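# Geometric and topological summary
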Amino acid sequence: MKKLLIVVDYQNDFVEGALGFSEAKTLEDKICEKIKEYYDQQQDVVFTLDTHDDSYLTTEEGLNLPIKHAIKGTFGWQLYGKVKNMKKSQDQGIEKDTFGSRKLASYLQAKKYDEIELVGIITNMCVIANAIIAKTYNPNAKIIVDAECTASNDYQLHNKALDVMESLQIKIKNRN
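As a starting point, this report considers the structure included with it.

About the thresholds
- Residues numbered from 1 in each chain as written.
- Predicted model: local features only at pLDDT ≥ 70, side-chain atom pairs only at ≥ 80, totals over all residues.
- Heavy atoms only, no water.
- Axes fitted to C-alpha atoms, helices over the stretch in contact; angles between N-to-C directions.
- Helix = DSSP H or I, 4+ residues; strand = E, 2+ residues; numbered from the N terminus.
- Parallel < 35°, antiparallel > 145°, perpendicular 65-115°, else oblique.
- Left-handed = near helix turned anticlockwise from the far one by under 90°.
- Contact = heavy atoms within 4.5 Å.
- Nonpolar A, V, L, I, M, F, W, Y, C, P; charged D, E, K, R; others polar.
- Expected span 1.5 Å × (residues − 1).
- Buried < 20%, exposed > 50% of the residue type's maximum accessible area, 1.4 Å probe, protein only.
- Arc of directions from axis to C-beta.
- Pairing = 2+ DSSP bridges.

Further remarks concern the packing of helix α7 (residues 123-137) against helix α8 (residues 155-167). For the pair α7 and α8, the least separation of the axes is 9 Å and the interaxial angle reads 15°. As summarised for this structure, α7 and α8 are arranged roughly parallel, according to the angle between their axes. Crossing handedness for the pair α7 and α8: right-handed. Of the residues in α8, those touching α7 at Thr123, Asn124, Val127, Ile128 and Ala131 are Leu157, His158, Ala161, Leu162, Val164 and Met165. Along the lines of polarity and charge, the residues of the contact of α7 with α8 split into 8 nonpolar, 3 polar and no charged.

Before going further, it helps to spend a moment on helix α3 (residues 28-40). A rise of 1.5 Å per residue sets the reference length of α3, with its 13 residues, at 18 Å; its end C-alpha atoms lie 18 Å apart and thus fit the reference within 8%. Residues of α3 that are buried include every one of Glu28, Ile31, Cys32, Lys34, Ile35, Tyr38 and Tyr39, and no others. On an axial view of α3, the arc spanned by its buried residues comes to 160°, and they lie on one face. Away from its buried face by more than 90 degrees, α3 exposes Glu33 and Asp40. In the segment just after α3, Gln42 is the residue with positive phi, at about 55°.

Let us look at the packing of helix α6 (residues 102-110) against α7. Packing of α6 against α7 leaves a shortest axis separation of 9 Å and a crossing angle of 30°. One element, α6, and the other, α7, form an angle in the roughly parallel class. Pair α6 / α7 crosses with right-handed handedness. Contact with α6, carried on its side by Leu104, Ala105, Leu108 and Gln109, involves Asn130, Ile133, Ala134 and Tyr137 of α7 and no other residues of that element. Within the contact of α6 with α7, the residues separate by chemical class into 6 nonpolar, 2 polar and no charged.

Moving on, we get to the sheet that holds strand β5 (residues 142-151). Strand order in the open sheet formed by 6 strands is β3-β2-β1-β4-β5-β6, with parallel pairing between adjacent strands. Only two strands of the sheet have a single partner each, and these edge strands are β3 (92-96) and β6 (171-173). Looking at each pair of strands side by side, their axes are set apart by 25° on average, direction ignored. Judged from the 5 bridges that link them, strand β1 (residues 3-8) and strand β2 (residues 44-50) form a sheet pairing that is parallel. Along β2, the bridge assignment pairs Val7 with Phe47. Sheet strands in contact with α6 are β1, β2, β3 and β4 (115-121), and its direction is about 140° off that of β3.

The quantities given are spatial measurements derived from coordinates; they are silent on function.
Now the structure itself:
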């Protein structure tokens with residue numbers, strides 16, 4: 001069985017930086033355990049990186065979320081903590097300039113997986129957008145979101161996003 005783990009935007013700015021929130025930090029060990037599990041099974045792991053430049057505040061997203069974050073090359077743009085140290089050189093680092101990733105779509109279109117699991121942040125923005133991309137480009141794969149390894153700065157939106165993904169036949173596991 002060919003499996004893929006997608007670690008969505010687990011970057012400094014979303015954990016302790018410009019858009020950081022306390023629950024994001026609590027995901028670190030769980031995400032690391034998940035990455036190790038995939039490595040131990042010799043399965044693929046990719047990391048998405050929210051990536052902006054100094055013109056961010058003039059973009060559509062920046063006009064609606066006017067907080068500079070994930071500026072390429074800055075500390076805030078880098079993967080957070082132990083997750084950064086776990087990334088292997090052969091793992092894809094997929095930069096994206098908006099919630100969903102066109103590069104991830106191309107990657108998934110070129111490969112076929114039996115199972116794709118997503119972890120990371122923010123559930124109601126980037127996780128849901130990329131889960132839908134995974135479902136679109138590997139429609140016969142089992143798409144999974146591990147609720148214990150995802151979080152949002154808004155608990156209600158986190159749960160609503162999980163509900164929406166479930167309605168799209170995305171399996172939500174470890175949901176409280």
